[in-house]
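A closer look at the structure
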Amino acid sequence: MALDSRIVITGIGLTAPNGDSLSEFRNSLLNGISGVETIETRYMNTVPAGVCHFDQYKYQNKKQVRRGTRAGSISIYCANEAITDAGLDLDVPGRDRVGVFLGITEHGTVETENEVYNLGQYGNDVKFWTHHHNPRTVANNPAGEVTLNMKISGPHLCIGAACAAGNLGLIYGAQMLRLGEIDVALAGGVSESIHSFGIFASFKSQGALAVNEDPAKASRPFDKDRNGIVVAEGGCVYILERLEDALARDAKIYGEIAGYAYNSDASDFVLPNPTRQAQCIRLALKRAGMAPSDIDIVNTHGTGTKQGDEFECQAINEIFNGSETSYINNTKSYIGHAMGAAGALELAGNIPSFTDSYVHPTINIDNIDPECELKNLVIGTPKKLDHVDTILNNSFGMLGINSVIIVKRYKGSLET
Amino acid sequence: MTKEDISQAVIDIIQEILPDEDMGGLDQEKPLRDQLELDSMDFLDIVMELRKRYSVEVPEKDYMELNTLQSTVQYLQPKMESL
């Protein structure tokens, strides 16, 4: 065990608007299947949104679902699926040696809005305010619900990192493994944001909420006619282990965390900063010991806002324009913006590339915005490569937080 | 409300709070907590639902009155019989 321990992914559990397992999700991404639909939301009539349809009673009874939060249910589903996928018995390392680290864009907005609304039905008399409010809205709720459900007594927390949070869950999990504080990390991100009218309304007031007659066409990063974000819910939990532990139990290894970085724009509440994004990408590459041309797939953050997409394309062009073998795609075009889950889900959607060698395409680009021209942007149909060995995943958020994670194929040698 | 009405009202509230439980075999004279997976948060839910549905207040000093279904109905009867 050391601070430079190699960290590998040995399990993935997820729910996305277009799939409730990695195989379903991947199938949708290779076949152009969107998960965006029209929903009704309080005060706003209808909006396009990415909605998950997993069986929330698979790992919880009705009382547990009623008491907890949607983010908690999504997290519990993903965590249990991930453990099953990893074939891991948590009693072997011991449940006190397992940590749960989930990225969140926000938490508590949904529950607070609902309770304020309910209180209005009782003349705003606070004796009708629920005692469930605090445990539902504490910032550790989603990760804490996982520990309650799975009897995990090691550390847990949620990492508040706006829409960079999914990558941050993975980064934090890897760091805790390297510190030796845990032996297994359940790490990723979660979003319940579609159940909050305020998140939609705030994007609308900002001029950044997508509208389209066809919800499946509403999320269109890099397209000339894009008009904003499609909010989505979802979750993705990875099982992370030190390589030697994974090898000792003969675990299936999806890939290895090769490098990561996160930094701050220090420039604006909402506007991204391509210079800082580029710095973050370069730092992750440096830590991975890689050049831009070593990256086979760049999965963009691209949310479908005018400036956000342009700025990210500036950063990517600056770094990858000289690389002939780096292919670029976007996952939000299928599922919308899954907020705290986005980074983790979008990375997961690309990990099967290590075995099938396809780059899933970006959909809904009918006319590329000239400001978003990217060399090797994969549009419309999957691109088959000779092999995929590396994925670089961008995830950026408000207040100027950038996160980049690089995952490489595990080649089966302790020396590489 | 009659005693039977009050009993049914309490059962309906508990059933909503504990949707996984079978209320059919509930023994009126045994403590609710011995028969149901009823924790302190659920108990507060019962108090809240009585407040919301019937404008009945159960002060904290009286919580012990809600020990069994029978004692609950006896306690609530003077508060709910005129409803």
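Residues numbered from 1 in each chain as written. Chains lettered and ligands numbered in written order. Predicted model: local features only at pLDDT ≥ 70, side-chain atom pairs only at ≥ 80, totals over all residues.

**A short note on the overall build of chain B**
Check the secondary structure of chain B and you find four helices and zero strands. In chain B, the succession of α and β elements from N to C terminus is α-α-α-α. Taken against the 2.2 N^0.38 rule, which gives 12 Å for 83 residues, the C-alpha radius of gyration of chain B at 12 Å falls within 12% of a compact globule. With respect to the principal axes defined by its C-alpha atoms, chain B has extents near 30 × 25 × 20 Å. (Helix = DSSP H or I, 4+ residues; strand = E, 2+ residues; numbered from the N terminus. Rg over C-alpha atoms; globule rule 2.2 N^0.38 Å.)

**Topic: the overall build of chain A**
Each helix and strand in chain A was counted, giving 14 helices and 15 strands. At 20 Å, chain A has a C-alpha radius of gyration in line with the 22 Å of a compact globule built from 416 residues. In terms of principal-axis extent, the alpha carbons of chain A reach across some 65 × 55 × 40 Å. For chain A, the proportion of its 416 residues judged to be buried stands at 56%. Taking the intrachain contacts of chain A between residues at least 6 apart in sequence as the baseline, contacts between residues at least 24 apart amount to 80%. (Buried ≥ 20, exposed ≤ 12 C-beta atoms within 10 Å, placed from the backbone. Contact = placed C-beta atoms within 7 Å.)

**Points about unusual backbone geometry**
Residues and elements named next belong to chain A. Of note, the phi angle at asparagine 124 is positive, near 55°, even though the residue is not glycine. Inspection of the secondary structure puts asparagine 124 in the loop between helix 4 (109–120) and helix 5 (133–137). By C-beta crowding, asparagine 124 is classed as exposed, having 10 other C-beta atoms within 10 Å. Positive phi, normally seen in glycine, also occurs at alanine 162, with a value near 45°. Mapped onto the elements, alanine 162 comes out in the loop between strand 5 (156–160) and helix 7 (165–179).

**Notes on the interface of chain B and chain A**
Facing the eight residues of chain B at the interface are 10 residues of chain A. For the side of chain B that touches chain A, the per-class residue count stands at five nonpolar, no polar and three charged. (Nonpolar A, V, L, I, M, F, W, Y, C, P; charged D, E, K, R; others polar.)

**Concerning the domain arrangement of chain A**
All names here are of chain A. In terms of domain boundaries, chain A breaks down into domain 1 (7–248) and domain 2 (259–408). Centre-to-centre separation of domain 1 and domain 2, based on C-alpha positions: 21 Å. With 57 residues of domain 1 at the interface, the matching set in domain 2 holds 49 residues. For the side of domain 1 that touches domain 2, the elements supplying multiple residues, two or more each, are strand 1 (7–15), helix 1 (22–30), strand 3 (45–50), strand 4 (98–104), helix 7, strand 6 (184–191), strand 7 (231–232) and strand 8 (234–242). Here the side of domain 1 that touches domain 2 takes seven residues from helix 7, the largest share from any one element. For the side of domain 1 that touches domain 2, the residue count by class is 30 nonpolar, 19 polar and eight charged. (Domains from an automatic or database assignment.)

**Let's talk about the pairing of strand 14 (residues 390–397) of chain A**
Residue and element names in this part refer to chain A. With eight of its eight residues buried, strand 14 lies for the most part within the structure. Side-chain alternation along strand 14 places Thr390, Leu392, Asn394 and Phe396 on one buried face and Ile391, Asn393, Ser395 and Gly397 on a second face that is also buried. Summarising the sheet, strand 10 (residues 297–300) and strand 14 pair through three bridges and their orientation is parallel. Looking at strand 14, one finds that isoleucine 297 is bridged to isoleucine 391. Taken together, the eight bridges between strand 14 and strand 15 (residues 401–408) define a ladder with antiparallel strand orientation. (Pairing = 2+ DSSP bridges.)

**Comments concerning the sheet that holds strand 7 of chain A**
All names here are of chain A. Judged by pairing direction, the sheet is mixed, and its three strands sit side by side in the order 2-3-7 without closing on themselves. Of all the strands in the sheet, just strand 2 (36–41) and strand 7 have a single pairing partner and so form its edges. With two bridges connecting them, strand 3 and strand 7 associate as parallel partners. Residue pairing for strand 7: glycine 50 is matched across the bridge by alanine 232.

**Observations regarding the nonpolar core**
In this structure, Ala82, Leu186, Tyr238, Ile239, Ala284, Ala348 and Ile405 of chain A are the most contacted members of the largest nonpolar core, which totals 125 residues. The element best represented in this core is helix 3 (residues 70–86) of chain A, accounting for nine residues. A domain-level breakdown of this core finds at least three residues from each of domain 1 (7–248) and domain 2 (259–408) of chain A. Excluding its chain neighbours within four sequence positions, the residues that come into contact with isoleucine 239 of chain A are Ile9, Thr10, Gly11, Ala82, Ile83, Ala86, Leu88, Val184 and Leu186 of chain A. Among the nonpolar cores identified, the runner-up in size contains 16 residues, and Ile14, Ile17, Leu50 and Leu76 of chain B belong to it. (Core = buried A, V, L, I, M, F, W, Y, C linked by C-beta atoms within 7 Å.)

**Concerning the environment of leucine 157 of chain A**
All names here are of chain A. Positionally, leucine 157 belongs in strand 5. Considering only alpha carbons, one finds leucine 157 and tyrosine 254, 97 residues apart in sequence, at a separation of 24 Å. Discounting residues that sit within four places of it in the chain, leucine 157 has contacts with Phe101, Asn140 and Ala143.

**A closer look at the sheet that holds strand 9 (residues 255–264) of chain A**
Residue and element names in this part refer to chain A. Taking strand neighbours across the sheet as the criterion, the 10 strands line up as 5-4-6-8-1-9-15-14-10-11 in an open arrangement whose pairing is mixed. Edge positions in the sheet fall to strand 5 and strand 11 (327–330), since each of these pairs with one other strand and no more. In this sheet, neighbouring strand axes are inclined to one another by 25° on average, regardless of whether the strands run parallel or antiparallel. Bridge analysis of strand 1 against strand 9 gives two bridges, and the strand direction is antiparallel. (Axes fitted to C-alpha atoms, helices over the stretch in contact; angles between N-to-C directions.)

**A look at the confidence of the model for chain B**
Regions with low pLDDT should not have their predicted coordinates read in detail. In the predicted model, chain B carries a mean pLDDT of 97, and 100% of its residues have values of at least 70. Highest mean pLDDT in chain B belongs to helix 4 (residues 69–80) of chain B (98); lowest belongs to helix 2 (residues 32–35) of chain B (96). (pLDDT = per-residue confidence, 0-100.)

**Considering the environment of serine 153 of chain A**
Residue and element names in this part refer to chain A. Mapped onto the secondary structure, serine 153 falls in the loop between helix 6 (141–150) and strand 5. Serine 153 gets classed as exposed once you count the C-beta atoms within 10 Å, which come to 12. Sequence-wise, serine 153 and alanine 71 are 82 residues apart; in three dimensions their C-alpha atoms are separated by 20 Å. Filtering out sequence-adjacent residues up to four positions away, serine 153 remains in contact with Arg95 and Asp96.

**Quick notes on the pairing of strand 3 of chain A**
Residues and elements named next belong to chain A. Bridge count between strand 2 and strand 3: six bridges; the pairing is antiparallel. The partner of threonine 41 across the bridge, within strand 3, is asparagine 45. Hairpin connection, strand 2 to strand 3: the antiparallel pair is bridged by three residues, and tyrosine 43 has positive phi, about 70°.

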